[in-house]
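# Analysis of the macromolecular model
Each chain is listed here by its residues.
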Amino acid sequence: ELVADSQPFVFGLRHTDSNQHVNSLAYPRLFEEAVVRRLAARGRSAAVLATEVDCSYRKPCFAGDVMRFWLQAFVLEGEPGAVGVLLPEGTTPTTHKPHTFVRMLLR
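Below is a short write-up of the structure. Keep in mind that this is a model prediction, so the values were computed, not measured.

### What to know about the side chain of Glu32
- With respect to the secondary-structure elements, Glu32 resides in helix H1 (residues 26–41).
- Within the local environment of Glu32, its side chain forms a polar contact with the backbone nitrogen of Ala50, the two atoms lying 3.0 Å apart.
- The residues touching Glu32, leaving out its near neighbours within four places in the chain, are Val48, Leu49, Ala50, Met104 and Leu106.

### Section: the nonpolar core
- One finds Phe11, Phe31, Phe69 and Leu86 to be the most contacted residues of the largest nonpolar core, which totals 20 residues.
- Residue assignment for this core shows that the elements contributing at least two residues are H1, strand E4 (66–76), strand E5 (79–88) and strand E6 (100–106).
- Counting residues per element, this core draws most heavily on H1, at seven residues.
- Not counting the four nearest positions on each side in its chain, Leu86 is found in contact with Phe9, Phe11, Tyr27, Cys61, Met67, Arg68, Phe69, Pro98, His99 and Thr100.

### Quick notes on the packing of aromatic side chains
- Following the criterion strictly, the structure yields five aromatic pairs and no others.
- On the basis of an interplanar angle of 85° and a centroid distance of 5.0 Å, the ring pair of Phe9 and Phe11 is categorised as edge-to-face. Considered together, Phe9 and Phe11 belong to a single accessibility category, that of buried residues.
- Ring centres of Phe31 and Phe69 lie 5.0 Å apart, and the angle between their planes is 70°; on these two criteria the pair is classed as edge-to-face. Separated by 38 residues along the polypeptide, Phe31 in helix H1 and Phe69 in strand E4 bring together distant segments of the chain.
- Relative accessible area serves as the criterion here: at 0%, Phe31 is assigned to the buried category.
- Residue classification places Phe69 among the buried positions, given a relative accessible area of 0%.
- Each member of the aromatic cluster is reached from another via a ring pair, and the members are Phe9, Phe11, Tyr27, Phe31, Tyr57 and Phe69.

### Some points on the pattern of salt bridges
- Applying the stated criterion to the full structure yields five salt bridges.
- One salt bridge connects Glu89 with Arg68, and the closest N-O pair in it is separated by 2.7 Å. In this pair, Glu89 sits in the loop between E5 and E6 while Arg68 sits in strand E4, placing the two residues 21 residues apart along the sequence.

The rules behind each value
Residues numbered from 1 in each chain as written. Predicted model: local features only at pLDDT ≥ 70, side-chain atom pairs only at ≥ 80, totals over all residues. Heavy atoms only, no water. Helix = DSSP H or I, 4+ residues; strand = E, 2+ residues; numbered from the N terminus. Polar contact = N/O pair within 3.5 Å; in protein donor to acceptor, adjacent residues only side chain to side chain. Contact = heavy atoms within 4.5 Å. Core = buried A, V, L, I, M, F, W, Y, C linked by side-chain atoms within 4.5 Å. Buried < 20%, exposed > 50% of the residue type's maximum accessible area, 1.4 Å probe, protein only. Phe/Tyr/Trp six-rings, centres within 6.5 Å; stacked < 30°, edge-to-face > 60°. Salt bridge = Lys/Arg side-chain N within 4 Å of Asp/Glu carboxyl O.

Quick look at the structure:
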């Protein structure tokens, strides 16, 4: 089951490219931070690093957008990972289409 990350974040101009869209490299970094928070909350080690990331982008984000990841952590062959979606703050996966989909494996 997808669970909302414990904290939302606001994209700033530092996250954007020359077209003022959030740069595609910002999403995996922010998702990794959400996964680390989720692992720590579940009593797992937070000393992990992403080894594989798959992102699909449906709709861009812009500076000033308040967003939150919804994620589900898992263990695959003894290693942690997570899947998740990025949604505007105040929405849920059942009420809104995600902006971004992410799958991440960590070690």
